[in-house]
Amino acid sequence: SGGKSKHCKRCPKGTTVASGKGKSKNSCKRGKRLKCSRGYYLRYGYCYKCPKNMYSSGGKSKHCKRCPKGTTVASGKGKSKNSCKRGKRLKCSRGYYLRYGYCY
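Residues numbered from 1 in each chain as written. Predicted model: local features only at pLDDT ≥ 70, side-chain atom pairs only at ≥ 80, totals over all residues. Heavy atoms only, no water.

Caption draft 1: The overall build of the protein chain, seen in detail. Each helix and strand in the protein chain was counted, giving zero helices and 10 strands. Start at the N end of the protein chain and walk to the C end: the helices and strands fall as β-β-β-β-β-β-β-β-β-β. A buried classification covers 27% of the 104 residues belonging to the protein chain. Just so you have it, the protein chain exposes about 8,600 Å², and 50% of that area is on carbon and sulfur atoms. (Helix = DSSP H or I, 4+ residues; strand = E, 2+ residues; numbered from the N terminus. Buried < 20%, exposed > 50% of the residue type's maximum accessible area, 1.4 Å probe, protein only. Areas by Shrake-Rupley, 256 points an atom, 1.4 Å probe, with all protein chains shown as cover.)

Caption draft 2: Representation of the state of the cysteines in the model. Per the stated rule, a full pass over the model turns up four disulfides. The disulfide bridge from C36 ends at C47, spanning 2.1 Å between sulfur atoms. What sets the handedness of the C36 and C47 disulfide is the S-S torsion sign, and at about -95° it is left-handed. Placement of C36 in the loop between β2 (29-30) and β3 (40-43) and of C47 in strand β4 (residues 46-49) is noted, with a sequence separation of 11 residues between them. In this structure C8 is not part of a disulfide, and its nearest cysteine sulfur, from C11, lies 9.8 Å away. Its relative accessible area of 71% is what places C8 among the exposed residues. (Disulfide = S-S within 2.5 Å.)

Caption draft 3: A look at the packing of aromatic side chains. The final tally for this structure, using the stated rule, is one aromatic pair. Taking 5.9 Å as the distance between ring centres and 35° as the angle between the ring planes, the aromatic pair formed by Y41 and Y48 counts as tilted. The class for Y41 is buried, based on a relative accessible area of 19%. (Phe/Tyr/Trp six-rings, centres within 6.5 Å; stacked < 30°, edge-to-face > 60°.)

Caption draft 4: Unusual backbone geometry, seen in detail. For N53, which is not glycine, the phi torsion reads 70° and is therefore positive. If you trace the backbone, N53 turns up in the loop between β4 and β5 (54-55).

Caption draft 5: Seen up close, a positive patch on the surface. Together, K21, K23, R38, K49, K77 and K79 give the surface a local cluster of positive charge. Assessed through its relative accessible area of 40%, K79 is described here as partly exposed. (Patch = residues over 30% accessible without salt bridge, like charges linked within 9 Å, V, L, I, M, F, W, Y side chains within 5 Å. Salt bridge = Lys/Arg side-chain N within 4 Å of Asp/Glu carboxyl O. Lys, Arg positive; Asp, Glu negative; His and termini not counted. Charge placed at Lys NZ, Arg CZ, Asp CG, Glu CD.)

Caption draft 6: Focus on the pairing of β4. The sheet contact formed by β3 and β4 spans four bridges and is antiparallel. Directly across from Y40, in β4, lies its bridge partner K49. Once β3 ends, the chain turns through two residues before running back antiparallel as β4, passing Y44 with a positive phi of about 55°. (Pairing = 2+ DSSP bridges.)

Structural data, given as structure tokens:
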């Protein structure tokens, strides 16, 4: 909700809207018709940001795909495989190993 409102209003029961797309009560739609923006995935009638190093073309996608090995993308910014870019090589502290872009 824009204007002078400091808080967002909840959509009516049984409806939802993608993050950042709720301009008015009319923006709220029944879950079955909801389509998420690129970089988001649909789960239980709501859109969620793809985690870091993952991407989604949006729409009715129910999961995010992992970026190719050696590439990275910020949370919610992975709109396609091309969004994943080569980053600085991560180095792990002694006693840890690197796997899927994380130190274990």
